[in-house]
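# Observations on the three-dimensional arrangement
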Amino acid sequence: MARLYAATGDGFARLDEAGEAWTVELSLPGSGAQCLAVDPTDPDTVFVGLREGGVRRSVDGGRSWIDRELPEGAVFSLAVSAAAGAVYAGTEPSRLFRSDDKGESWRELTALLELPSQPRWSFPPRPWTSHVRWIAPSPHDADLLLVGIELGGLMRSTDRGATWEDHRPGAQPDVHSLTWHPSAPGRAYEAGGGGAAFSTDGGETWQPADDGRDRNYTWSVAVDPSDPDWWYVSASTGPFAAHGGGDPQARIFRRRNGEPWSALAGGLPEPLPAMPYALLATEGRLFAGLADGRLWESRDRGDSWTPTRLHGDTLAALVALAPAPDRVISA
C-alpha cells in the first residue's frame, strides 16, 4: 500500500494507506517541521527541516530521528538528488549546504552568496533577511541545480552549486516552489508570488504562464509524471489572504501547455477554505494538502475530488507532502 510523508508546520506525519483510509502517525511534535525530502533509493530514509532546530534524519520511516547537525538552525528547504544522491539544505538567512554522506557532514555552497543580486534579497515580512525557499536538483543531470530565494530570484547551477547563474530570465523572483518533470529532461516548473512559469531548456530561460487564472499568488506546483504538458498550481489572491488565517479565497488550477489555466472544482469547496500548501502528482493520482490538515485526492487529473479518510493522530496542517519512493501510488 502507498505511504506519504508530511510536514505539518509543527511536526512530522507518516500516512499509510490502509484500504479506503489512511492511518496517521505523528512524530517530532513542537519541532516546527516545515519541509522534508525522501531518499529516492530508500523509502524509509527521510529528512526533515525544522524552523529553528536544523535537520533531522530518520531511517525507519519517521519512527525515530537523529540530529544531522546543520551549521544553520532555521531550515526552509530540503532536497535529495535522484541523480547524484546528495542532500541539500537551505536556510534563513539565505545559505545553502550540501551533504554527500546522507547528512553526516555538510559543506556550504558559498558561491550562492556571491551573486550580484544578493544584496537586494529581502523577505517582506522580515525585510532584513531572506531564505532559500526551494531546492530542485535535476533528476536527469547530477550537476544541474535550481534554487529559489524568497525574495530574491531563481538561481541556476550547472556544477552542483560550485558556481551560480543569477536570476533566470522570465522566472518569478518571489519563488515559492519548483519541480522538474521526472521523465522529460529540461522541463521545469515554478510557482511564485506574482504568477507561474515554466522552462523547456533546463531552467536557463523561463516562460510566464498566467493566462486564464484569476489568482496570481501561486504557492505549490506539481506536474503530471506521465505528461509534461499537464501541470498544477495552488493560488490565492495575495499573501495576507493565503497566510493570514482568515479566508484564503484559494483555488487549485490546471494547465495544459498551449491552453489557459482552468480552476478545478469537482467536489472541492469553492473557494477552498484553507490554503493548499502542498500539491503532489503521482501516476494516476493527485493530492492536495491543506492548511487545515485536510487531504484531498483526485484520480482523473483534478476533474473530480474526494476527501481522504484519516485515522489515528490529528493533522493540524499539511504544509509539505512527499511519497515514499518504492511504494508506488497508482490508480
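Structural notes, computed from the coordinates. Residues take numbers from 1 onward in each chain, read along the sequence in its written order. Given that this is a predicted model, residues contribute local features only at a pLDDT of at least 70 and side-chain atom pairs are listed and counted only at 80 or more, while totals for whole chains, interfaces and linings are drawn from all residues. Working from all heavy atoms in the structure, the side-chain values ignore hydrogens and water.

### Side note on the overall build of the protein
A run of H or I in DSSP counts as a helix once it spans at least four residues, and a run of E counts as a strand once it spans at least two, with each numbered from the N terminus. If you tally the helices and strands in the protein, you get 1 helix and 28 strands. When we talk radius of gyration, it's over C-alpha atoms, and the globule rule is simply 2.2 Å times the number of residues to the 0.38. At 18 Å, the protein has a C-alpha radius of gyration in line with the 20 Å of a compact globule built from 331 residues. Once the C-alpha set of the protein is aligned to its principal axes, its extents read approximately 50 × 45 × 35 Å. With 331 residues in all, the protein has 58% of them scored as buried. We call two residues in contact whenever any of their non-hydrogen atoms come within 4.5 Å of each other. Sequence-distant contacts in the protein: of pairs separated by 6 or more residues, those separated by 24 or more amount to 50%. Here's how the labels work: a residue is buried when its accessible area is under 20% of the maximum for its type, exposed when over 50%, partly exposed in between, all with a 1.4 Å probe on protein chains only.

### Considerations on the sheet that holds strand E19 (residues 217-223)
When DSSP locates at least two bridges between a pair of strands, those strands are taken to pair. Strand order across the open sheet formed by 4 strands is E19-E20-E21-E22, with antiparallel pairing between neighbours. Taken across any chain shown, the strands that pair with only one partner, and hence form the sheet edges, are E19 and strand E22 (262-263). Judged from the 2 bridges that link them, strand E21 (residues 251-256) and E22 form a sheet pairing that is antiparallel. Counterpart to Arg-254 in the pairing with E22 is Ser-262.

### Brief notes about the pattern of salt bridges
A carboxyl oxygen of Asp or Glu within 4 Å of a side-chain nitrogen of Lys or Arg is what we treat as a salt bridge. The final tally for this structure, using the stated rule, is 28 salt bridges. The shortest N-O distance in the salt bridge between Arg-255 and Asp-211 comes to 2.7 Å. With Arg-255 in strand E21 and Asp-211 in the loop between strand E18 (207-208) and E19, this residue pair connects regions lying 44 residues apart in the sequence. When its relative accessible area of 40% is taken as the criterion, Asp-211 is described as partly exposed. Here Arg-215 and Asp-214 are joined by a salt bridge, their closest N and O atoms 2.9 Å apart. The class for Arg-215 is buried, based on a relative accessible area of 7%. What you see here is one network of salt bridges that share partners, running through Arg-3, Arg-14, Asp-16 and Asp-44.

### A few points about the sheet that holds strand E16 (residues 188-192)
Taken in spatial order, the 4 strands line up as E15-E16-E17-E18 in an open sheet, and their pairing is antiparallel. The outermost strands of the open sheet, each flanked by one partner alone, are strand E15 (175-180) and E18. Relative to E16, E15 runs antiparallel, the two being bridged by 5 bridges. Among the inter-strand pairings, Val-175 is bridged to a residue of E16, identified as Gly-192.

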